[in-house]
Amino acid sequence: MACFPSSMSGTDPMPGGESHAHTRAHTDTPTHNQKGIRGGTATGDAADTGRAVTTGTATGTGTNSRIGTDSSPTHDRDTTNTIAAPEPMADAEIERLDRAPLEALQLARLQETIRRVAASSPFYRQVFSDEHLTPDQFTHLDDIRKLPLITKEDLRAHYPDGFLAVPREEVVRLHTSTGTTGKPKAIFFTRGDVDRASDLIARCMAMTGAHPGDVFQNMVGYGLFTGGLIFHYGAEKLGLMVIPASAGNTERQLELLRDFGTTVVHLTPSYALYLADVLEQEGLDPQKDLKLRLAYIGAEPHSDETRTKVEAIYGIRAYNSYGLSEMNGPGVAFECPCQDGLHIWEDHYLVEIIDPDTGRPVPEGEEGELVLTSLTREAMPLLRYRTGDLTYIYPEPCPCGRTHRRLARMRGRVDDMFIYHGVNVFPSEIERVLMGMPGIGRNYQIVLTREGSRDVMQVRVEVERYLFDGSLPHLQQFQRQVQEKVKAACLVRPRIELLEAGSLPRTTGKATRVLDQRQV
Ligand SMILES: [Zn+2]
């Protein structure tokens, strides 16, 4: 789909769905006082006013986090009073707010957050005392750098509630963040936090054209992991029919997909590819036998080539979703219909990109580690949190007209990178090479072992059946091609093992792409 500027016709689905695209006003300028943007139908109104966000200093007091329900009609507002206005601002407006009022909104929310944590969070009370800081020293967004960077180790060290900034009785939800070692990270939510997290998911889904009438099958794990429940709440808020399928049980997933005519799914990209295998094994056509039109893929790093593959198999649009439990869960940044970078919702998050070695900011457009500050979280605001994810900010605005800046697809986590023969290797780079090659199947695995004192990398990759045509030279030639492509992209030359489709183990959640057996 072409991606037109917002001032062109409504090809970019808006809250309320594609059928309401004609109600869009031109949005090159702030549209707070434009009536036309709200559509006029029940779905349009529900999508807009139900998800309105609070503005300015009105956030974060714990009592007004739900300003902007269906009962609070929106009306013309004085554009000179945008930030302090107590009325809700619909997402369509917030998403296209000019940079100056957007940054003013960020500053107001940052100051409010800082005031609250300095007074209430045990961790931050200590930080402000140790660093001899007071909340009134934060008058510009850049003042955030007066605060230290924090890491997941800080969260673990202050487990379970060292970051809690509200009385326990205001907490309505606990999630934990997945960790492979040690204690998990405990993430608390107030009712307002759950609401705002859901609002953001609803915003993301509406942006990609989901609307009431869609059937949403949520195929990621529920429970302590934020991905399931937060997406669920967001989809309900937007008015979709939600099937809380959770992860696994592929036969039941297929039954639900077919019986209820599922149109939108949320799943990991590796599971999307696995599911296609199963469909085909059962003699079903992923395009003809399903009604799918949208997929949200996330929770594991993946390449654009993988996305393209998912889209081609199912005949759908697949959107990249980014989030982390420490920042509400999913919905932190999301692709718009341009599918070129993820809009990070800057009314809720302050973005920094730092050099992971020095901690200093890198120039806009340069790659570094994503550092996020939550601007609207109540229970557990985190300031300058190192996500471990490597990305960069697109310097140019998005053709869709949204003013919230775009993050490049995550190159992977700093933690995922491994060193092989002195070279830093990102599994996502290898995946990009593999998934861009015709003949390569849907699953692969990188195995690192040690032979004597020498590290060995083996890439085990499933290939299409037609390659097993009985000709060994053909296979060997293909093997060499794969090896050369990986070498060209990653500067390392792994051994390549070609396997028939279905040979590698499958998971229904996050796939294990790298088996590092060198320490064992
Ligand atoms: Zn965009």
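The model shown is predicted, which means the values in this text are computed figures rather than measured ones. (Residues numbered from 1 in each chain as written. Predicted model: local features only at pLDDT ≥ 70, side-chain atom pairs only at ≥ 80, totals over all residues. Heavy atoms only, no water.)

Brief notes about the coordination of the zinc ion
Coordination of the zinc ion by the protein comes from Cys336 (SG), His343 (NE2), Cys398 (SG) and Cys400 (SG), over a distance range of 2.1 to 2.3 Å. Note that the zinc ion binds 4 donor atoms; their angles at the metal cover 102 to 118°, and the shape is tetrahedral. Of note, the donors binding the zinc ion are all from one chain and are spaced C-x6-H-x54-C-x1-C. Taken together, the residues span a long stretch of sequence, with His343 in strand β9 (residues 342–344) and Cys398 in the loop between β12 (385–391) and β13 (406–407) at a distance of 55 residues. Both residues of the pair, His343 and Cys398, count as buried. (Donors = N, O, S within 2.8 Å, 3.2 Å for Na, K, Ca; no water. Tetrahedral: all angles 85-135°; square planar, octahedral: opposite > 155°, others 65-115°. Helix = DSSP H or I, 4+ residues; strand = E, 2+ residues; numbered from the N terminus. Buried < 20%, exposed > 50% of the residue type's maximum accessible area, 1.4 Å probe, protein only.)

Concerning the environment of Val362
Structurally, the position occupied by Val362 is in the loop between β10 (349–354) and β11 (368–374). As for Val362 and Glu352, which are separated by 10 residues in sequence, their C-alpha atoms are 8.6 Å apart. Ignoring anything within four residues of it in the chain, the contact list for Val362 reads Ile353, Ile354, Asp355 and Glu367. (Contact = heavy atoms within 4.5 Å.)

Things to note about the pattern of salt bridges
When their charged atoms lie close together, side chains carrying opposite charge are able to pair. One pass over the full model with this rule turns up 39 salt bridges. Of the charged contacts in the structure, one is a salt bridge between Arg203 and Glu95, with a shortest N-O distance of 4.0 Å. Linking Arg203 in helix α6 (residues 191–207) with Glu95 in the loop between α2 (91–94) and α3 (99–120), this pair joins segments that are 108 residues apart in sequence. Overall, Arg203 belongs to the buried group, its relative accessible area being 1%. For Glu95, a relative accessible area of 2% puts it in the buried group. Two residues, Lys288 and Asp285, come together in a salt bridge whose shortest N-O distance is 3.6 Å. You can call Lys288 exposed: its relative accessible area is 70%. A single salt-bridge network, built from bridges that share partners, covers Asp91, Glu95, Arg96, Arg203, Asp347 and Arg402. (Salt bridge = Lys/Arg side-chain N within 4 Å of Asp/Glu carboxyl O.)

As for the packing of helix α9 (residues 269–281) against helix α10 (residues 304–314)
The interhelical angle for the contact between α9 and α10, taken along N-to-C directions, is 30°, at an axis separation of 10 Å. Comparing the axis directions of α9 and α10 gives the class roughly parallel. For α9 against α10, the interelement crossing comes out left-handed. Facing Pro269, Ala272, Leu273, Leu275, Ala276, Leu279 and Glu280 of α9, the residues of α10 in contact are Thr306, Lys309, Val310, Ile313 and Tyr314. Looking at side-chain class alone, the contact of α9 with α10 contains 9 nonpolar, 1 polar and 2 charged residues. (Axes fitted to C-alpha atoms, helices over the stretch in contact; angles between N-to-C directions. Parallel < 35°, antiparallel > 145°, perpendicular 65-115°, else oblique. Left-handed = near helix turned anticlockwise from the far one by under 90°. Nonpolar A, V, L, I, M, F, W, Y, C, P; charged D, E, K, R; others polar.)

Observations concerning the packing of aromatic side chains
Under the definition given, this model contains 10 aromatic pairs. For the ring pair Tyr124 and Phe163, a centre distance of 5.9 Å and an interplane angle of 75° mean the geometry is edge-to-face. Of this pair, Tyr124 sits in helix α4 (residues 122–130) while Phe163 is found in the loop between α5 (152–157) and β1 (171–177), placing the two residues 39 residues apart along the sequence. You can call Tyr124 buried: its relative accessible area is 1%. The exposure class assigned to Phe163 is buried, which follows from its relative accessible area of 2%. Note on Phe231 and Phe334: the rings are 6.5 Å apart at their centroids and 45° apart in plane angle, and the pair reads as tilted. (Phe/Tyr/Trp six-rings, centres within 6.5 Å; stacked < 30°, edge-to-face > 60°.)

Some remarks on the confidence of the model for the chain
Scored by pLDDT, the chain comes out at a mean of 83, with 81% of its residues at no less than 70. Every residue in residues 5–86 is under pLDDT 50, and counting partners more than four places away or in other chains gives 166 contacts. (pLDDT = per-residue confidence, 0-100.)

Overview of the environment of Pro438
By the secondary structure assignment, Pro438 is in the loop between α11 (427–435) and β17 (440–451). Remark: the alpha-carbon pair of Pro438 and Val463, spanning 25 residues in sequence, is separated by 9.0 Å. Those residues in contact with Pro438 that sit more than four places away from it in its chain are Tyr466 and Phe478.

A short note on the sheet that holds strand β5 (residues 264–267)
Read across the sheet, 8 strands follow the order β4-β3-β5-β6-β7-β8-β9-β13 without closing on themselves; strand pairing throughout is mixed. Two strands bound the open sheet, and with one partner strand each, they are β4 (241–243) and β13. Relative to β9, strand β8 (residues 329–335) runs antiparallel, the two being bridged by 3 bridges. Bridging from a neighbouring strand, Ala333 pairs with Ile344 of β9. Of the strands in this sheet, β3 (215–218), β5, β6 (294–297), β8 and β9 touch α6, which is tilted by about 30° from β8. (Pairing = 2+ DSSP bridges.)

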